[in-house]
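As a plain string of letters, each chain reads:
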Amino acid sequence: MPSNPRIFLSPPHMGGRELDYVKVAFDSNYIAPLGPMVDAFEEAFAKIVGIPHVLALSSGTAAMHLALRNLGVGPGDEVFASTLTFIGSVTPTVFQGATPVFIDADRATWNMDPDLLQTELERCNRRGCLPKAVVPTDLYGQCSDYARIRKVCQPYGVPVIIDAAESLGATCNGSPAGVGGQSAVFSFNGNKIITTSGGGMLASPNAEFIERARFLSQQARDPAPHYQHSTIGYNYRMSNIVAAIGLGQLEALADRVAQRREIFDRYRQRLGKLPGIDFMPEASYGRCNRWLTVVLIDSRAFGADRETVRLALEAENIESRPVWKPMHLQPVFQVVEKPAATNIKRPVFNDHGPCFTSGVHAPVPARAVGGEVAEDLFVNGLCLPSGTAMSESDLERIMAVIESCCRNG
Ligand SMILES: Cc1ncc(COP(=O)(O)O)c(C=O)c1O
């Protein structure tokens, strides 16, 4: 066992006022879902993201589920999503019995490729089977190209739900992440740029949309003195205690963005000098929050591959992670339309068996549009520790291990 303390990928970092707000919540005895802290958190959040109607929920996944349910997504429908994402962006489509269609990433931004999206929408339109929604993920804190995606979707009337789970605090064309979609989803999971331990937010310029989501998130109670239900809802609301943490965290958001960007700069200044090391590019249209610093390792130039570097870090008790395994490669999905064939030798991806064989889900049908860019980023991309509470010596330890892996130059 290494004696060094563990460095985590993106641990929580409290701002200082969280406990005070939790104490206020305790003193008021609102130890419950909903309450004044939830109201205050929603109000502060709406101001910061510049989206007037918001709903605090138990997770980002819940927020995505409500957004899709609200749009009437159901069996027989398709929902387009980024293939390079976390599965919480996609499972709600499956909850609703619809089929996910995975769109490849644009190499310039690592986000959903607007050209591929356009081609696929044109094709679907000709066949009379447009998707019910498009869900681009703002990968690792970089906004998708909202303007282009909107322009592509608008002629067909296809709504865009922005998965901004990772991009709170980033900007796109000068506006906060999440602005410009039919709705947007945020996450406050423990690893995010700010956290409530677990939680999420659904945001929309459409008041009615949020009101309907509110109704569904609270067990779909009809307005009656007794408990009456005319439709099936969920128990998805955020608790008052959790919201108190969120209120404190929001106050630190601007600092956290600046700190994450500084961590990225430190990595780039030093590791960028090594042969074969590249970084996730920043799109010209926005300002990334650099939630995670991600490097691309060209194994031939660097002299070691991504997995060798990851294991070397792990041996020193440092957590790092491969870039998200693309959705079209996940064993749970049966991609009925394969990505276009290429002549590059494709690596074997399903090298890890399922965890609980008795509980393996029957493969869920899905489609994929391209996929090679995401595959390449998965094979060669590594997310480095990016927590804002990291010390100077932590950063030094991480960079020294990476440098020691370099066999060229
Ligand atoms: C891109 C993306 N979408 C959705 C989610 C789901 O959010 P949550 O974990 O709050 O359910 C996450 C993160 O966890 C995410 O990174």
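Heads up: the structure comes first, above all this text.
Let me sum up the structure you'll find in this document. (Residues numbered from 1 in each chain as written. Predicted model: local features only at pLDDT ≥ 70, side-chain atom pairs only at ≥ 80, totals over all residues. Heavy atoms only, no water.)

**Some remarks on the overall build of the protein chain**
Working step 1: Along the backbone of the protein chain there are 13 helices and 16 strands.
Working step 2: Its C-alpha radius of gyration of 21 Å places the protein chain within 12% of the 22 Å reference for a compact globule of 409 residues.
Working step 3: In terms of principal-axis extent, the alpha carbons of the protein chain reach across some 75 × 60 × 50 Å.
Working step 4: Residues classed as buried in the protein chain amount to 54% of the 409 residues present.
Working step 5: Excluding contacts between residues fewer than 6 apart, the proportion of contacts in the protein chain whose partners are at least 24 apart in sequence is 74%.
Working step 6: Per element, the accessible surface of the protein chain, about 17800 Å² overall, is 54% carbon and sulfur.
Working step 7: With 38 positive and 42 negative side-chain charges, the protein chain shows a spacing of 2 Å between the two charge centroids. (Helix = DSSP H or I, 4+ residues; strand = E, 2+ residues; numbered from the N terminus. Rg over C-alpha atoms; globule rule 2.2 N^0.38 Å. Buried < 20%, exposed > 50% of the residue type's maximum accessible area, 1.4 Å probe, protein only. Contact = heavy atoms within 4.5 Å. Areas by Shrake-Rupley, 256 points an atom, 1.4 Å probe, with all protein chains shown as cover. Lys, Arg positive; Asp, Glu negative; His and termini not counted. Charge placed at Lys NZ, Arg CZ, Asp CG, Glu CD.)

**Here we look at the pairing of strand β16 (residues 381-384)**
Working step 1: Neither face of β16 is open: one carries G381 and C383, the other L382 and L384, and all of them are buried.
Working step 2: Alignment of strand β12 (residues 293-297) against β16, held across four bridges, turns out to be antiparallel. Within the sheet, the bridge partner assigned to V294 lies in β16 and is C383.
Working step 3: Inspection of the sheet shows strand β13 (residues 321-322) paired to β16 by two bridges, in the antiparallel sense. (Pairing = 2+ DSSP bridges.)

**Topic: the nonpolar core**
Working step 1: Core analysis: the largest hydrophobic core is formed by 69 residues, its most contacted members being F41, F45, L117, Y140, L168, F186 and F188.
Working step 2: The element that contributes the greatest number of residues to this core is helix α8 (residues 240-251), accounting for seven residues.
Working step 3: Not counting chain neighbours up to four residues away, the residues in contact with L117 comprise F80, I103, M112, V134, I149, V152 and C153.
Working step 4: Core analysis: the second largest hydrophobic core is formed by 25 residues, I7, F264, F279 and I318 among them. (Core = buried A, V, L, I, M, F, W, Y, C linked by side-chain atoms within 4.5 Å.)

**Describing empty space enclosed by the protein**
Working step 1: One pass over the structure, following the stated rule, counts one cavity of 30 Å³ or more.
Working step 2: Considered as a void within the structure, the largest cavity measures approximately 40 Å³ in volume.
Working step 3: P136, Y146, I149, R150, V160, I162, G180 and G181 together form the lining of the largest cavity.
Working step 4: A breakdown of the residues in the lining of the largest cavity according to their chemical character gives five nonpolar, two polar and one charged. (1 Å grid on protein atoms, 1.4 Å probe; cavity = no way out; pocket = protein on both sides within 12 Å on 5 of 7 lines; lining within 4 Å. Points joined across faces, edges and corners; volume = space filled by probe spheres on them. Nonpolar A, V, L, I, M, F, W, Y, C, P; charged D, E, K, R; others polar.)

**Side note on the pattern of salt bridges**
Working step 1: In the structure shown here, the tally under the stated rule is 19 salt bridges.
Working step 2: Across the pair R107 and D376 runs a salt bridge whose closest N-O atoms are separated by 3.0 Å. Taken as a pair, R107 in the loop between β3 (99-103) and α5 (114-126) and D376 in helix α12 (residues 372-380) lie far apart in primary sequence, 269 residues in all.
Working step 3: Its relative accessible area of 27% is what places D376 among the partly exposed residues. (Salt bridge = Lys/Arg side-chain N within 4 Å of Asp/Glu carboxyl O.)

**A closer look at the site of the ligand**
Working step 1: As a matter of local geometry, the ligand sits amid 15 residues, with G60, T61, D163, E166 and S187 nearest to it.
Working step 2: Contact distances for the ligand include 2.5 Å between an oxygen atom and a side-chain N or O atom of T61.
Working step 3: For the ligand, an oxygen atom lies 2.7 Å from a polar atom in the side chain of S187.
Working step 4: In the complex, 94% of the free accessible area of the ligand, which totals 380 Å², lies under the protein chains.
Working step 5: Looking at side-chain class alone, the shell around the ligand contains two nonpolar, 10 polar and three charged residues. (Near = heavy atom within 4 Å. Polar contact = N/O pair within 3.5 Å; in protein donor to acceptor, adjacent residues only side chain to side chain.)

**Description of the side chain of D77**
Working step 1: Turning to its location among the elements, D77 is positioned in the loop between α3 (60-70) and β2 (78-82).
Working step 2: A polar atom in the side chain of D77 sits 2.8 Å from the backbone nitrogen of G74.
Working step 3: Not counting the four nearest positions on each side in its chain, D77 is found in contact with G72, A98, T99 and K132.

**Quick notes on the sheet that holds β12**
Working step 1: If you walk across this open sheet you meet the four strands as β10-β12-β16-β13, and the pairing is antiparallel. The strands lining the two open edges of the sheet, one partner per strand, are β10 (277-279) and β13.
Working step 2: Both β10 and β12 contribute to a ladder of three bridges, which runs antiparallel. Counterpart to D278 in the pairing with β12 is L296.
Working step 3: Packing of helix α9 (residues 253-271) onto the sheet brings it into contact with β10, β12 and β16, and relative to β10 it is tilted by some 155°.
Working step 4: Those strands touched by helix α11 (residues 306-315) are β12, β13 and β16, and its axis lies near 25° from that of β16. (Axes fitted to C-alpha atoms, helices over the stretch in contact; angles between N-to-C directions.)

**A word on α3**
Since there are 3.6 residues in each turn of an α-helix, residues three or four apart along the chain are aligned in direction.
Working step 1: Taken across its 11 residues, α3 has 10 buried, putting it largely inside the fold.
Working step 2: Among all positions of α3, only G60, A62, A63, M64, H65, L66, A67, L68, R69 and N70 are buried.
Working step 3: N-cap assignment for α3: the residue whose side-chain oxygen lies 3.4 Å from the backbone N of T61 is S59.
Working step 4: Just past α3, the residue G72 takes up positive phi, approximately 80°.

**A few points about the packing of aromatic side chains**
Working step 1: All chains considered together, the criterion is met by 10 aromatic pairs.
Working step 2: Relative to F45, the ring of F41 has its centre 6.2 Å away and its plane inclined at 65°; by these criteria the two rings are edge-to-face. Taken together, the residues span about one helical turn, with F41 and F45 both in helix α2 (residues 36-49) at a distance of four residues. Grouping residues by exposure puts F41 and F45 together as buried.
Working step 3: Centre to centre, the rings of F102 and F333 are 5.0 Å apart; their planes meet at 65°, and the pair counts as edge-to-face. A residue pair is termed long-range when its members are at least 10 positions apart, and F102 in strand β3 and F333 in strand β14 (residues 333-337) qualify at 231 residues. Taken as a pair, F102 and F333 share a single burial class, namely buried.
Working step 4: Taken together, the ring pairs connect F41, F45, F186 and F188 into an aromatic cluster.
Working step 5: Stacked on the ring of F264, the Lys or Arg R290 has its end atom at 3.5 Å from the ring centre. (Phe/Tyr/Trp six-rings, centres within 6.5 Å; stacked < 30°, edge-to-face > 60°. Lys NZ or Arg CZ within 6 Å of the ring centre and 35° of its normal.)

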